[in-house]
Amino acid sequence: MPTKPAGTLYRGREGMWSWVGHRVTGVVIFFFLLVHVLDTSLVRVSPEAYTSVIGAYKNPIMGLGEAGLVAAIVFHAFNGLRIILVDFWKSGPKYQRQLLWGVLGLWVITMVPFLIRHLSIVFSAIPGGH
Amino acid sequence: MATPTISAPRSGGINYNRNKRSGSSFEMIAWLFMRLSGVVLVVLIFGHLFVNLMAGDGIHAIDFGFVAGKWASPFWQVWDLLMLWLAMLHGTNGVRTIINDYAERNATRMTLKTVLYIATVVIVVLGTLVIFTFDPCPAGAVTDLPSFCPAK
Ligand code: HEM
């Protein structure tokens, strides 16, 4: 059995998977942002245009999509802070794995109250209203 | 067995290439920018998500009047402007890195980055114009106006 090389920061295990997650969430957020600026720009077209397009988002499917997007942003944000600690804090590289568990812990702590609040708003849809 | 003696490193006198700054420092500045903008974006984005999705009636409350109410205040105008620029530059630089990593043919890389930069300029200019030329009480509009607009 060939032995694996000693753990490196970004290859294999937690280090690599967090990198994959960071990259995927970064791209997803970027494409969302392009669309988000476009839909918000409708406020310059007319109040009706904006309100009707935003109204079209107000359904459970989009609500779940928003929840997924927030989950991606919260992961990218906390893991981004972890990357910054690994780069600038002298013990960062040594504790990069523990820091990842910290990121996932904070992610759960942030997402649970957010999901309770957001999903209860989404699924208590007032018919036709906002 | 004799202990091998290891002579002290000969620092000084040798010119390693890596000691000299060669070429432009663009990549280093971009690297630093990713980290600085990241820290600021955590505050801006978490605040944005909290105010728009969790406070008040949450996402149900979002309509023209909601946006108009926020942008009536210079505080939210500056907040959103900063968020737009930092997120777009951070995201564009991140996607640039990813294109450099995976697009191996020169022509592919150039094409993808050209499309990326055009999209970035369009979105940043559009978003900036919208924040600054926004009129919360447009003439002739009747529905969804914020409460502070004079009754028409
Ligand atoms: C919420 C706060 C955020 C923080 C703390 C953060 C932090 C970071 C950090 C530290 C990096 C690594 C850069 C490097 O490896 O040199 C990064 C990469 C990236 N970020 Fe963010 N970011 C945030 C928000 C965003 C947003 C809003 C977007 C999209 C518009 C985004 C898109 C990206 C992309 C595409 C990458 C490149 C990923 C890669 O090269 O693998 N980030 N981010």
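Each remark here, short or long, concerns the structure printed above.
Residues numbered from 1 in each chain as written. Chains lettered and ligands numbered in written order. Predicted model: local features only at pLDDT ≥ 70, side-chain atom pairs only at ≥ 80, totals over all residues.

K.L.:
Sorry if this is basic, but what is going on with helix 2 (residues 47-57) of chain A here?
P.N.:
Helical geometry note: an α-helix holds 3.6 residues per turn, so side chains three or four residues apart project in the same direction. All buried positions along helix 2 of chain A are accounted for by A:Pro47, A:Tyr50, A:Thr51 and A:Ile54. Relative to the axis of helix 2 of chain A, the buried residues are bounded by an arc of 90 degrees and lie together on one face. Along its buried surface, helix 2 of chain A packs onto helix 2 (64-71) of chain B. (Buried ≥ 20, exposed ≤ 12 C-beta atoms within 10 Å, placed from the backbone. Helix = DSSP H or I, 4+ residues; strand = E, 2+ residues; numbered from the N terminus. Arc of directions from axis to C-beta. Contact = placed C-beta atoms within 7 Å.)

K.L.:
Even after reading the chapter, I still don't get the site of the ligand, so can you show me in this structure?
P.N.:
Close to the ligand lie 27 residues, the nearest being A:Gly26, A:Gly80, B:Gly38, B:Gly91 and B:Gly94. Flanking the ligand are residues from chains A and B. Looking at the shell around the ligand residue by residue, the class counts come to 16 nonpolar, 9 polar and 2 charged. (Near = placed C-beta within 6 Å. Nonpolar A, V, L, I, M, F, W, Y, C, P; charged D, E, K, R; others polar.)

K.L.:
It is not clear to me how the interface of chain A and chain B should be interpreted in this structure. Could you clarify?
P.N.:
By convention, interface size is frequently given as the accessible area that disappears when the constituent parts associate. Taken together, the contact between chain A and chain B spans 33 residues of the former and 34 residues of the latter. Breaking the side of chain A that touches chain B down by element, the ones donating at least two residues are helix 1 (13-40), helix 2, helix 3 (60-88) and helix 4 (96-123) of chain A. By residue number, the principal contributor to the side of chain A that touches chain B is helix 1 of chain A, which donates 9 residues. A class-by-class count of the residues in the side of chain A that touches chain B yields 19 nonpolar, 8 polar and 6 charged.

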